[in-house]
Amino acid sequence: MLVDAEEEMRIRRSQADTVAAAGRLKQLTKANISDVQGTGRGWLQRPLRLLRSIVSRWEFDAIVFLAIFSNVISVGLEVDANAKLSENEIPAAFIICNYVYTMIFTVEMIMKWIGFGFCAYFTSSDRYWNIFDFCIVCSALIEITSIIQTTLGQLRAFRVLRVARLFRGIRIIRLLK
(Lines give C-alpha, C1' and ligand atoms only; values in the text may rest on other atoms or scores of the structure.)
Protein backbone atom coordinates (compact mmCIF):
# COMPACT_ATOMS: atom_id res chain seq x y z
CA MET A 1 0.00 0.00 0.00
CA LEU A 2 2.92 2.30 0.69
CA VAL A 3 4.25 1.58 -2.77
CA ASP A 4 0.91 2.52 -4.32
CA ALA A 5 0.88 5.83 -2.42
CA GLU A 6 4.41 6.67 -3.57
CA GLU A 7 3.54 5.68 -7.14
CA GLU A 8 0.39 7.80 -7.03
CA MET A 9 2.40 10.77 -5.67
CA ARG A 10 4.98 10.38 -8.46
CA ILE A 11 2.20 10.28 -11.08
CA ARG A 12 0.61 13.45 -9.64
CA ARG A 13 3.96 15.28 -9.67
CA SER A 14 4.53 14.15 -13.24
CA GLN A 15 1.08 15.39 -14.24
CA ALA A 16 1.68 18.73 -12.48
CA ASP A 17 5.03 19.09 -14.26
CA THR A 18 3.36 18.27 -17.58
CA VAL A 19 0.62 20.85 -17.00
CA ALA A 20 3.20 23.48 -15.98
CA ALA A 21 5.35 22.71 -19.01
CA ALA A 22 2.31 22.90 -21.28
CA GLY A 23 1.43 26.28 -19.77
CA ARG A 24 4.96 27.59 -20.37
CA LEU A 25 4.91 26.21 -23.92
CA LYS A 26 1.58 27.91 -24.56
CA GLN A 27 2.96 31.23 -23.31
CA LEU A 28 6.07 30.89 -25.44
CA THR A 29 4.00 29.99 -28.49
CA LYS A 30 1.71 33.00 -27.95
CA ALA A 31 4.75 35.26 -27.56
CA ASN A 32 6.34 33.94 -30.76
CA ILE A 33 3.10 34.23 -32.71
CA SER A 34 2.50 37.77 -31.46
CA ASP A 35 6.07 38.72 -32.42
CA VAL A 36 5.45 37.46 -35.95
CA GLN A 37 2.08 39.19 -36.17
CA GLY A 38 3.54 42.49 -35.05
CA THR A 39 1.96 42.82 -31.62
CA GLY A 40 4.79 41.41 -29.54
CA ARG A 41 7.83 43.05 -28.11
CA GLY A 42 10.43 41.23 -30.16
CA TRP A 43 13.64 43.00 -31.14
CA LEU A 44 12.45 43.21 -34.74
CA GLN A 45 9.12 44.87 -33.97
CA ARG A 46 10.39 48.44 -33.63
CA PRO A 47 11.96 48.58 -37.12
CA LEU A 48 8.94 46.79 -38.62
CA ARG A 49 6.53 49.25 -37.00
CA LEU A 50 8.67 52.14 -38.23
CA LEU A 51 8.72 50.77 -41.77
CA ARG A 52 4.97 50.10 -41.65
CA SER A 53 4.34 53.67 -40.52
CA ILE A 54 6.57 55.01 -43.31
CA VAL A 55 4.86 53.09 -46.11
CA SER A 56 1.43 53.96 -44.70
CA ARG A 57 1.98 57.72 -44.77
CA TRP A 58 0.61 60.00 -47.45
CA GLU A 59 4.09 61.49 -47.89
CA PHE A 60 5.38 58.09 -49.03
CA ASP A 61 2.51 57.86 -51.53
CA ALA A 62 3.33 61.40 -52.72
CA ILE A 63 6.96 60.43 -53.37
CA VAL A 64 5.84 57.31 -55.24
CA PHE A 65 3.37 59.48 -57.20
CA LEU A 66 6.19 61.82 -58.26
CA ALA A 67 8.35 58.84 -59.25
CA ILE A 68 5.52 57.36 -61.34
CA PHE A 69 4.74 60.69 -62.96
CA SER A 70 8.39 61.37 -63.81
CA ASN A 71 8.71 57.78 -65.11
CA VAL A 72 5.77 58.34 -67.46
CA ILE A 73 7.40 61.53 -68.75
CA SER A 74 10.74 59.75 -69.12
CA VAL A 75 9.19 56.89 -71.11
CA GLY A 76 7.37 59.40 -73.31
CA LEU A 77 10.63 61.23 -74.02
CA GLU A 78 12.35 57.91 -74.69
CA VAL A 79 9.70 56.84 -77.19
CA ASP A 80 9.96 60.22 -78.93
CA ALA A 81 13.77 60.02 -79.07
CA ASN A 82 13.71 56.41 -80.30
CA ALA A 83 11.39 57.40 -83.14
CA LYS A 84 14.00 59.89 -84.35
CA LEU A 85 17.04 57.61 -83.91
CA SER A 86 18.14 54.62 -85.91
CA GLU A 87 17.18 51.15 -84.78
CA ASN A 88 20.28 50.28 -82.75
CA GLU A 89 20.88 53.65 -81.09
CA ILE A 90 19.74 53.96 -77.51
CA PRO A 91 20.94 56.98 -75.54
CA ALA A 92 22.68 55.94 -72.34
CA ALA A 93 20.58 58.40 -70.35
CA PHE A 94 17.44 56.38 -71.06
CA ILE A 95 19.08 53.13 -70.04
CA ILE A 96 20.26 54.71 -66.80
CA CYS A 97 16.77 56.15 -66.17
CA ASN A 98 15.30 52.71 -66.71
CA TYR A 99 17.69 51.24 -64.12
CA VAL A 100 16.98 54.03 -61.62
CA TYR A 101 13.19 53.80 -61.93
CA THR A 102 13.29 50.02 -61.72
CA MET A 103 15.39 50.30 -58.57
CA ILE A 104 13.01 52.88 -57.04
CA PHE A 105 9.92 50.78 -57.71
CA THR A 106 11.61 47.57 -56.57
CA VAL A 107 12.65 49.21 -53.30
CA GLU A 108 9.10 50.53 -52.85
CA MET A 109 7.66 47.06 -53.36
CA ILE A 110 10.16 45.44 -50.96
CA MET A 111 9.50 48.10 -48.32
CA LYS A 112 5.77 47.36 -48.53
CA TRP A 113 6.42 43.61 -48.40
CA ILE A 114 8.42 44.03 -45.22
CA GLY A 115 6.23 46.75 -43.70
CA PHE A 116 2.85 45.12 -44.32
CA GLY A 117 4.01 41.53 -44.53
CA PHE A 118 4.34 39.46 -47.68
CA CYS A 119 0.90 37.85 -47.45
CA ALA A 120 -0.84 41.08 -46.44
CA TYR A 121 0.73 42.82 -49.46
CA PHE A 122 -1.18 40.47 -51.75
CA THR A 123 -4.39 40.22 -49.69
CA SER A 124 -5.01 43.78 -48.45
CA SER A 125 -7.67 46.12 -49.78
CA ASP A 126 -5.07 47.42 -52.28
CA ARG A 127 -4.23 43.90 -53.45
CA TYR A 128 -5.12 44.53 -57.10
CA TRP A 129 -2.87 47.58 -57.26
CA ASN A 130 -0.13 45.66 -55.43
CA ILE A 131 -0.40 42.70 -57.80
CA PHE A 132 -0.33 45.17 -60.70
CA ASP A 133 2.82 46.79 -59.24
CA PHE A 134 4.39 43.38 -58.74
CA CYS A 135 3.79 42.49 -62.41
CA ILE A 136 5.21 45.82 -63.63
CA VAL A 137 8.30 45.56 -61.42
CA CYS A 138 8.87 41.94 -62.49
CA SER A 139 8.56 42.90 -66.16
CA ALA A 140 11.06 45.72 -65.66
CA LEU A 141 13.47 43.35 -63.91
CA ILE A 142 13.05 40.83 -66.73
CA GLU A 143 13.71 43.59 -69.25
CA ILE A 144 16.90 44.66 -67.48
CA THR A 145 18.26 41.13 -67.22
CA SER A 146 17.33 40.54 -70.85
CA ILE A 147 19.11 43.73 -71.92
CA ILE A 148 22.23 42.65 -70.07
CA GLN A 149 22.16 39.21 -71.72
CA THR A 150 21.24 40.18 -75.28
CA THR A 151 22.85 42.07 -78.09
CA LEU A 152 21.60 45.45 -79.23
CA GLY A 153 19.92 43.94 -82.30
CA GLN A 154 17.67 41.80 -80.12
CA LEU A 155 16.84 44.76 -77.90
CA ARG A 156 13.85 45.92 -79.94
CA ALA A 157 11.88 42.83 -78.96
CA PHE A 158 12.17 43.77 -75.29
CA ARG A 159 11.06 47.35 -75.79
CA VAL A 160 7.48 46.13 -75.80
CA LEU A 161 7.92 45.56 -72.07
CA ARG A 162 8.67 49.26 -71.64
CA VAL A 163 5.20 50.13 -72.81
CA ALA A 164 3.90 48.10 -69.87
CA ARG A 165 5.68 50.55 -67.58
CA LEU A 166 3.38 53.28 -68.85
CA PHE A 167 0.49 51.40 -67.29
CA ARG A 168 2.08 52.18 -63.96
CA GLY A 169 0.77 55.68 -64.55
CA ILE A 170 -2.69 54.26 -63.98
CA ARG A 171 -1.71 54.01 -60.31
CA ILE A 172 -1.87 57.79 -60.18
CA ILE A 173 -5.65 57.39 -60.11
CA ARG A 174 -5.43 55.40 -56.87
CA LEU A 175 -3.02 57.83 -55.27
CA LEU A 176 -5.23 60.82 -56.12
CA LYS A 177 -8.41 59.43 -54.58
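Everything in this summary refers to the structure shown in the same document. All figures in this text were calculated on a predicted structure; none of them were measured in a lab.

### A few points about the overall build of the protein chain
Logical step 1: Counting its regular elements, the protein chain contains eight helices and zero strands.
Logical step 2: Starting at the N terminus, the α and β elements of the protein chain follow one another as α-α-α-α-α-α-α-α.
Logical step 3: When contacts within the protein chain are restricted to residue pairs at least 6 apart in sequence, long-range pairs at least 24 apart make up 71% of them.
Logical step 4: Of the accessible surface of the protein chain, which amounts to about 12000 Å², a share of 69% is contributed by carbon and sulfur atoms.

### Some remarks on the packing of aromatic side chains
Logical step 1: One pass over the structure, following the stated rule, counts 10 aromatic pairs.
Logical step 2: Ring geometry for tryptophan 113 against phenylalanine 118: centres 4.9 Å apart, planes inclined by 75°, an arrangement best described as edge-to-face.
Logical step 3: For tryptophan 113, a relative accessible area of 22% corresponds to the partly exposed category.
Logical step 4: Aromatic pair phenylalanine 118 and phenylalanine 122: ring centres 5.2 Å apart, planes at 70°, arrangement edge-to-face. In this pair, phenylalanine 118 and phenylalanine 122 are both assigned in helix H5 (residues 118-123), four residues apart and thus about one turn of the helix distant.
Logical step 5: Using a relative accessible area of 22% as the deciding quantity, one classes phenylalanine 122 as partly exposed.
Logical step 6: Pairwise contacts between aromatic rings join Trp113, Phe118, Tyr121, Phe122 and Phe134 into one cluster.

### Remarks on the nonpolar core
Logical step 1: Residues Val55, Phe60, Val64, Ala67, Ile68, Tyr101, Phe105, Met109, Tyr121 and Val137 constitute the largest nonpolar core, which totals 10 residues.
Logical step 2: Going through the elements one at a time, helix H3 (58-84) and helix H4 (92-116) are the ones with two or more residues in this core.
Logical step 3: In terms of residues, this core owes the most to one element, H3, which gives four residues.
Logical step 4: Not counting residues up to four positions away in its chain, the partners in contact with tyrosine 121 are Met109, Lys112, Trp113, Arg127, Asn130, Asp133 and Phe134.

### Description of the packing of H3 against H4
Logical step 1: Packing of H3 against H4 leaves a shortest axis separation of 11 Å and a crossing angle of 155°. Between H3 and H4, the angle falls in the class roughly antiparallel. For the crossing formed where H3 meets H4, the hand is left-handed. Where H3 abuts H4, its residues Phe60, Asp61, Val64, Ala67, Ile68, Ser70, Asn71, Ser74, Leu77, Glu78 and Ala81 lie against Phe94, Cys97, Tyr101, Ile104, Phe105, Glu108, Met111 and Lys112.

Analysis parameters
- Residues numbered from 1 in each chain as written.
- Predicted model: local features only at pLDDT ≥ 70, side-chain atom pairs only at ≥ 80, totals over all residues.
- Heavy atoms only, no water.
- Helix = DSSP H or I, 4+ residues; strand = E, 2+ residues; numbered from the N terminus.
- Contact = heavy atoms within 4.5 Å.
- Areas by Shrake-Rupley, 256 points an atom, 1.4 Å probe, with all protein chains shown as cover.
- Phe/Tyr/Trp six-rings, centres within 6.5 Å; stacked < 30°, edge-to-face > 60°.
- Buried < 20%, exposed > 50% of the residue type's maximum accessible area, 1.4 Å probe, protein only.
- Core = buried A, V, L, I, M, F, W, Y, C linked by side-chain atoms within 4.5 Å.
- Axes fitted to C-alpha atoms, helices over the stretch in contact; angles between N-to-C directions.
- Parallel < 35°, antiparallel > 145°, perpendicular 65-115°, else oblique.
- Left-handed = near helix turned anticlockwise from the far one by under 90°.

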